[in-house]
Amino acid sequence: MKFKDFKYERPDMNKFQNEFNGLVQRFSDAGSADEQLAIVKEINTMRNHMESLSQIVQIRHTIDTTDAFYDAENDFIDGAMPLYMEMVDKYYRALDTSKFKDALRKELGDHIFNIIEVKLKTFHPDIIEDLKQENMLASKYTKLRTSAKIMFDGKELNLAQMVPYYESKDRLVRKEAQEAATKFFEENEAAFDNLYQDLVEVRHKIARKLGFDNFVKLGYMRLSRTDYDDKMVAAYRKQVLDELVPLSLELRKRQEERLRVDTIKYYDEQIGFTTGNATPKGDSAWIVENGKIMYEELSAETGEFINFMLDSELMDLEAKKGKSGGGYCTYISDYRAPFIFSNFNGTSGDIDVLTHEAGHAFQCFQSRDYELPEYQFPTLEACEIHSMSMEFLTYPWMERFFKEDVTKYKFNHVSEALLFIPYGVLVDEFQHYVYANPEATPSDRKLKWRELEKKYQPYKNYEDNDFLERGGYWFRQGHIFSDPFYYIDYTLAQVCAFQFFLKSTEDRKEAWDRYLKLCNKGGSLPFTGLLKVAGLDSPFEQGSIKKVIPALRKVLDSIDDRNL
Ligand SMILES: [Zn+2]
């Protein structure tokens, strides 16, 4: 079946609620573990259906935000989700207090009970209205961002369409493109500030109602982090500061030499070479065709996967008017179907979609036999291992896409990955500041952001851009608005992906086998448990970052980048 034939009908929430609560009641009254397990199965079916409807709406809404039907359905789902969460909360309480918990653990695994333990602390019926408000505000951010109409290069462009200009070989074009995009955020400064202020307030209020001092701990729990805390994260950020910030200075120096400029300015960061960045050597149809060959050659499992994605039309790749920015992968369990969303723009980022988002999609596909929604994918830092590692595991095929630019691509990919980690932890530290200091004002926040940039990105040079110099860059970082505390997950995963990369250069088969094992485990284990399955060092272990640097340095030093 093709995606366009996936059925959406607005759910009757009253009916759903009656049935769901009925099942939960039967669960509580059940006289045996077997009986309870049978009801869990029925509940899984109902939940998978509700979550599938919500995913279908999200996908269709983001593909065309001007479609009135799905715009309304998106609002409906935003409003309905807290009610649904309340139902799931009741169900979790029933599971948690089951007389047959030990027998259930044997069948369902321990991890679901770990998840329940933290989830129960994140919800109470008293916060439903606040959650609705939070969802609405987060959607408002997306709307505000997609409303950007930037006049540039004689065209009216959205933010996603501006990206290729940031990589222009012409320094003046890069500068003007960055200024034009920044202007949009500056013109809407009060709107972004107010929106974030409201988000911080409502999150703080929710946290207080649930008995927390502030939102920090709650933020971790919402992400189902059962095996690490903010202290471990702070120690990890320290490793990044000590090991990767000095390396990032070296990399920027090297970039300066390549670009033959005195100082890298903020608008130079995204171009690696005077001859331009590596670009794919064909249009989107050609990219997809080569992606198909790549995954068919990579393994039997990826071959089956890519053909399923193509046959069912589960990818919407090209940028178009009205489409939301960014890229994502999601999963529609009723159809056992992953979905990939992106905005192709002619840069190497298009190939990253075929590797990164496809890595996510491949994991969902491999985990499709898990009936428990909780096990269909793991916590987000583990999810990013699948995607970021796929970027490296597909290196042998990159020549197909980049031809003569392949060395450029690989150099930039490794270099950018290293440079990204300090930025990622900066976003994290910023959010720790914001939620630990809910009384801070918008201008306090901007000052803090700029201070942290100086700590983690000491090379940042905003030249004459007043708005960025005042600490306004983070308005662009959607995660800060919509997904608190999520961002660091990319960096944790990157450290793991480096390990897969280095393993694959030593022993490809072993690296692939471990990767497959990881994908097959889905979300049935917490982050650190999954790392053990895949034979990876935890980024939280002291020295784990230091350990990968020499080999990565060797990769970079084996390339004569000045002549690319
Ligand atoms: Zn991802």
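This text follows the structure it describes.
For clarity, every value in this text was computed on a predicted model and none was experimentally measured.

Participant: What is the right way to look at the overall build of the chain in this model?
Facilitator: The helix and strand inventory of the chain stands at 25 helices and 5 strands. In terms of overall dimensions, the chain is globule-like: its C-alpha atoms have a radius of gyration of 23 Å, near the 24 Å expected for 564 residues. A total of 564 residues make up the chain; the buried ones form 59% of that total. Restricting the contact set of the chain to residue pairs at least 6 apart, pairs at least 24 apart contribute 76%. Of the charged side chains in the chain, 76 are positive and 95 negative; the average position of the first set lies 2 Å away from that of the second.

Participant: Can you walk me through the coordination of the zinc ion in this structure?
Facilitator: Under ideal tetrahedral coordination, the four donors around a metal are separated by 109.5 degrees; under ideal octahedral coordination, the six donors are separated by 90 or 180 degrees. Taken together, the protein ligands of the zinc ion are His356 (NE2), His360 (NE2), Glu384 (OE) and Glu384 (OE), with distances of 2.0 to 2.5 Å. Taken together, the 4 donor atoms coordinating the zinc ion span angles of 54 to 145° at the metal, a pattern that classifies the geometry as irregular. Look at where the donors of the zinc ion fall in the sequence and you get H-x3-H-x23-E. Of this pair, histidine 360 sits in helix 14 (residues 349-366) while glutamate 384 sits in helix 16 (residues 380-393), and the two are 24 residues apart along the sequence. Side by side, histidine 360 and glutamate 384 carry an identical accessibility label, which is buried.

Participant: Even after reading the chapter, I still don't get the pattern of salt bridges, so can you show me in this structure?
Facilitator: Side-chain pairs of opposite charge can arise where the charged atoms are in close proximity. In total, this model carries 56 salt bridges according to the counting rule given. A salt bridge links aspartate 561 to arginine 254; the shortest N-O distance between them is 3.1 Å. Here the residue aspartate 561 occupies a position in the segment after helix 25 (544-557), and arginine 254 occupies one in helix 11 (residues 230-259), the gap between them amounting to 307 residues. Each member of the pair, aspartate 561 as well as arginine 254, carries the same accessibility label: buried. Salt bridges sharing common partners tie together Glu186, Glu189, Asp193, Lys446, Asp466 and Arg470.

Participant: Sorry if this is basic, but what is going on with the packing of helix 6 (residues 128-146) against helix 9 (residues 189-209) here?
Facilitator: Their axes nearest at 10 Å, the elements helix 6 and helix 9 cross at an angle of 155°. One element, helix 6, and the other, helix 9, form an angle in the roughly antiparallel class. Every pair of crossing elements has a handedness; the one defined by helix 6 and helix 9 is left-handed. Judged by residue contacts, Asp130, Leu131, Gln133, Glu134, Leu137, Ala138, Lys140, Tyr141 and Leu144 of helix 6 engage Ala191, Phe192, Leu195, Asp198, Leu199, Val202, Arg203, Lys205, Ile206 and Lys209 from helix 9. Its residues placed into classes, the contact of helix 6 with helix 9 shows 11 nonpolar, 1 polar and 7 charged.

Participant: Hey, could you run me through helix 2 (residues 33-63) in this one?
Facilitator: For the α-helix, the turn length of 3.6 residues means that residues three or four positions removed from each other point alike. With 31 residues, helix 2 extends 44 Å from end C-alpha to end C-alpha; this agrees with the ideal 45 Å at 1.5 Å per step. The element helix 2 is largely enclosed, with a buried count of 22 among its 31 residues.

Participant: Would you mind showing me how to read the pairing of strand 5 (residues 337-344) here?
Facilitator: When a strand is regular, its side chains alternate between the sheet's two faces. Within strand 5, 8 of the 8 residues are buried, which leaves the element mostly enclosed by the surrounding structure. Neither face of strand 5 is exposed, since Ala337, Phe339, Phe341 and Asn343 on one face and Pro338, Ile340, Ser342 and Phe344 on the opposite face are all buried. In the sheet, strand 4 (residues 328-332) pairs with strand 5 via 5 bridges, with the strands oriented antiparallel. Counterpart to tyrosine 328 in the pairing with strand 5 is phenylalanine 341. Hairpin connection between strand 4 and strand 5: a loop of 4 residues separates the two successive antiparallel strands, and arginine 336 in this loop has a positive phi of roughly 45°.

Participant: Just to check I follow, could you spell out the packing of helix 22 (residues 488-506) against helix 23 (residues 508-520) for this structure?
Facilitator: The geometry of helix 22 relative to helix 23 is characterised by a closest axis approach of 6 Å and an angle of 145° between their N-to-C directions. Across from Phe500, Lys503, Ser504 and Glu506 in helix 22, the residues of helix 23 making contact are Arg508, Glu510, Ala511, Arg514, Tyr515 and Leu518. Partitioned by chemical class, the residues of the contact of helix 22 with helix 23 number 4 nonpolar, 1 polar and 5 charged.

Participant: Hey, could you run me through the pairing of strand 4 in this one?
Facilitator: The buried fraction of strand 4 is high, at 5 of 5 residues. Of the two faces of strand 4, the one holding Tyr328, Thr330 and Ile332 and the one holding Cys329 and Tyr331 are both buried throughout.

Participant: For this particular structure, what's the right way to read unusual backbone geometry?
Facilitator: Among all residues save glycine, negative phi is the norm, and among peptide bonds the norm is trans. In this structure, arginine 260 is a non-glycine residue whose phi angle is positive, near 55°. If you trace the backbone, arginine 260 turns up in the loop between helix 11 and helix 12 (284-298). Phi is positive for phenylalanine 485, close to 70°, though the residue is something other than glycine. You can see phenylalanine 485 is positioned in the loop between helix 21 (478-482) and helix 22. For phenylalanine 485, a relative accessible area of 0% translates into the label buried.

Participant: Before we go on, may I ask you to explain the environment of leucine 380 in this structure?
Facilitator: Following the sequence through the fold, leucine 380 ends up in helix 16. Considered as a pair, leucine 380 and alanine 497 are 117 residues apart in the sequence and their alpha carbons are 14 Å apart. Excluding residues that lie within four positions of it along the chain, leucine 380 makes contacts with Leu223, Tyr486 and Asp489.

Participant: I would appreciate a short explanation of the state of the cysteines in the present structure.
Facilitator: In protein chemistry, a disulfide is the covalent bond that joins the sulfur atoms of two cysteines. This structure, assessed with the given rule, holds 0 disulfides. The cysteine cysteine 329 is free of any disulfide, with cysteine 364 supplying the nearest cysteine sulfur at 4.6 Å. Cysteine 519 takes part in no disulfide bond, and the closest cysteine sulfur to it belongs to cysteine 364, at a distance of 9.4 Å. Residue classification places cysteine 519 among the buried positions, given a relative accessible area of 0%.

The rules we used
- Residues numbered from 1 in each chain as written.
- Predicted model: local features only at pLDDT ≥ 70, side-chain atom pairs only at ≥ 80, totals over all residues.
- Heavy atoms only, no water.
- Helix = DSSP H or I, 4+ residues; strand = E, 2+ residues; numbered from the N terminus.
- Rg over C-alpha atoms; globule rule 2.2 N^0.38 Å.
- Buried < 20%, exposed > 50% of the residue type's maximum accessible area, 1.4 Å probe, protein only.
- Contact = heavy atoms within 4.5 Å.
- Lys, Arg positive; Asp, Glu negative; His and termini not counted.
- Charge placed at Lys NZ, Arg CZ, Asp CG, Glu CD.
- Donors = N, O, S within 2.8 Å, 3.2 Å for Na, K, Ca; no water.
- Tetrahedral: all angles 85-135°; square planar, octahedral: opposite > 155°, others 65-115°.
- Salt bridge = Lys/Arg side-chain N within 4 Å of Asp/Glu carboxyl O.
- Axes fitted to C-alpha atoms, helices over the stretch in contact; angles between N-to-C directions.
- Parallel < 35°, antiparallel > 145°, perpendicular 65-115°, else oblique.
- Left-handed = near helix turned anticlockwise from the far one by under 90°.
- Nonpolar A, V, L, I, M, F, W, Y, C, P; charged D, E, K, R; others polar.
- Expected span 1.5 Å × (residues − 1).
- Pairing = 2+ DSSP bridges.
- Disulfide = S-S within 2.5 Å.

Read these as spatial facts, not as claims about activity.
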